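Summary of the model geometry
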Amino acid sequence: MIKTKLMDMLGIKYPIIQAGMGPYSTTKLAAAVANAGGLGIISGVGMGVCKLLGGQKFMDYDPKKSPGQNMREAIQYVKEATQKSGGIFGINVPVAVEFRGVSEELIQAAIEEREKDSELVKRMKVIITSAGNPEPHVESIKESGALHFHVCPSPYHAKKAEKAGADLVIASGHEGGGHVAHDPVHSMVLIPEVVKTVKVPVVAAGGICDGAGLAAALALGAVGVQMGTRFIATKESDFLDYYKQYTMNIRDVRDTIVARGVFGKIRYLKTDATVELFEMEKRGHPDVEVANFELKSIQAIHFGDPKKAAFFGGEVAGRFSDLPTVEELMDRVVNEAEEIIRDKLPKLVV
Ligand SMILES: Cc1cc2nc3c(=O)[nH]c(=O)nc-3n(C[C@H](O)[C@H](O)[C@H](O)COP(=O)(O)O)c2cc1C
């Protein structure tokens, strides 16, 4: 049986974190992952974008509801849906400067919800920040008693997060879906270097979808993995069916593209829209035009035409084509990793 520090810290069965995947909802997915023994994560970004857009509708979120209200409702949903299993979960909030006021509101709402409910104190254990400087949020998270994890794209950022007080860092390599750093560092180099740089435990992310990925991450010194793209294509995930299907249909690991994103670059699955987004920047279109096209294409996922939609997704989409339940996926990843570590690797040492 694999046993790591991440599992001890959180009291979870598997060393697997489901990535926050705003702007989409991962509320149902978080419940399924927590029920199956991993760390389920509620995504905060989408909840706040209506406010950022001055009250316009965004994705499925009701612009009449505040970001804080959306967060409270999601937390209550996951709490109820994981009551029987006692599953462990948390939230993910990007803390980019562009999002500052909203991220404060989301984190504050989560802290308040947790403080008034002993069940949440036991089970909503983690607040994950990403895409920015976590420092302004550390004090309130620490005071609340929740653990604080921060997602980092480089050893430099990992060190800063550790100095600010993060309990754990998630090192996310450039092959990952969603926001990526301007300076590309890929998981194979990033993870051992972050492990060497910080004293706090490190979770590996970016390009992981199976047991070989988990075994490799542990070999590189990580205490677990965070997976994003792989969890999109699971039966319980909140993602639209044709988004899941599009992800599963990617056959080539080259079929992603890095283009403009609100808080920096984003890795998208290749579609006509995301290739055009990339080309617009290259042709030198004014930033506001590119930003409008990006937003329109992200919203377009609701119109059902994959050509017009900007799906976030990582290179690893080219490595799977099935739609397991969350439990099947997590059992499989851990069983494969155990087999590799216990049976296959020792045979290589003669
Ligand atoms: C659809 C999608 C949305 C994402 N949104 C967020 C987010 O809101 N916050 C965050 O910290 N990371 C986000 N990420 C990045 C993940 O946290 C994670 O680092 C990445 O998915 C890992 O790489 P993988 O996609 O190869 O598993 C997103 C990733 C995807 C695929």
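Further up the page is the structure itself.
Computed from a predicted structure; not experimentally measured.

Of regular secondary structure, the protein possesses 15 helices and eleven strands. Against the compact-globule benchmark of 20 Å for 350 residues, the protein has a radius of gyration of 19 Å, which places it among compact chains. Considered along the principal axes of its C-alpha atoms, the protein spans approximately 60 × 50 × 35 Å. Each of the 350 residues in the protein was classed as buried or not, and the buried ones make up 55%. Considering only residue pairs separated by 6 or more positions, the protein has 65% of its internal contacts joining residues 24 or more positions apart. Per element, the accessible surface of the protein, about 14,700 Å² overall, is 54% carbon and sulfur. The distance from the centre of the 42 positive side-chain charges to the centre of the 44 negative ones in the protein is 2 Å.

Right, let's get into helix 15 (residues 326-344). With 19 residues, helix 15 ought to run about 27 Å at 1.5 Å a step, and its terminal C-alpha atoms sit 26 Å apart, in line with that. Within the span of helix 15, buried status applies to Val-326, Leu-329, Met-330, Val-333, Val-334, Ala-337, Glu-338 and Ile-340. Across the axial projection of helix 15, the buried residues extend over an arc of 160°, all falling on one side. In the core, the buried residues of helix 15 are packed alongside strand 1 (16-18), helix 2 (27-35), helix 10 (211-219), strand 9 (225-227) and helix 11 (229-232).

Let us look at the packing of helix 3 (residues 45-52) against helix 5 (residues 100-115). Relative orientation and spacing of two packed helices are given, respectively, by the angle between their axes and the distance between those axes. Running from N to C, helix 3 and helix 5 cross one another at 135°; their axes reach a closest spacing of 10 Å. One element, helix 3, and the other, helix 5, form an angle in the oblique class. Classified by chirality, the crossing of helix 5 by helix 3 is right-handed. Across the interface between the two elements, Met-47, Gly-48, Lys-51 and Leu-52 from helix 3 touch Val-102, Glu-105 and Leu-106 from helix 5. Of the residues that constitute the contact of helix 3 with helix 5, the class distribution is four nonpolar, one polar and two charged.

Relative to the helices and strands, Glu-294 resides in helix 14 (residues 287-299). When its relative accessible area of 2% is taken as the criterion, Glu-294 is described as buried. Other than its neighbours up to four places away in sequence, Glu-294 contacts Arg-260, Gly-261, Val-262, Ile-266, Tyr-268 and Leu-277.

Burial runs high along strand 4 (residues 124-130): six of the seven residues are buried. Of the strand pairs in this sheet, strand 3 (residues 88-94) and strand 4 are connected by six bridges, and their pairing is parallel. Bridge pairing links Pro-94 to Ser-130 in strand 4. The pairing of strand 4 with strand 5 (residues 147-152) spans four bridges and is classified as parallel. Its bridge partner being in strand 5, Ile-128 is matched across the sheet by Phe-149. Where the polypeptide runs from strand 4 across helix 7 (residues 135-144) and back to strand 5, its parallel neighbour, the crossover connection is right-handed.

Rules used in this analysis
Residues numbered from 1 in each chain as written. Predicted model: local features only at pLDDT ≥ 70, side-chain atom pairs only at ≥ 80, totals over all residues. Heavy atoms only, no water. Helix = DSSP H or I, 4+ residues; strand = E, 2+ residues; numbered from the N terminus. Rg over C-alpha atoms; globule rule 2.2 N^0.38 Å. Buried < 20%, exposed > 50% of the residue type's maximum accessible area, 1.4 Å probe, protein only. Contact = heavy atoms within 4.5 Å. Areas by Shrake-Rupley, 256 points an atom, 1.4 Å probe, with all protein chains shown as cover. Lys, Arg positive; Asp, Glu negative; His and termini not counted. Charge placed at Lys NZ, Arg CZ, Asp CG, Glu CD. Expected span 1.5 Å × (residues − 1). Arc of directions from axis to C-beta. Axes fitted to C-alpha atoms, helices over the stretch in contact; angles between N-to-C directions. Parallel < 35°, antiparallel > 145°, perpendicular 65-115°, else oblique. Left-handed = near helix turned anticlockwise from the far one by under 90°. Nonpolar A, V, L, I, M, F, W, Y, C, P; charged D, E, K, R; others polar. Pairing = 2+ DSSP bridges. Right-handed = clockwise from strand over helix to strand, strands pointing away.

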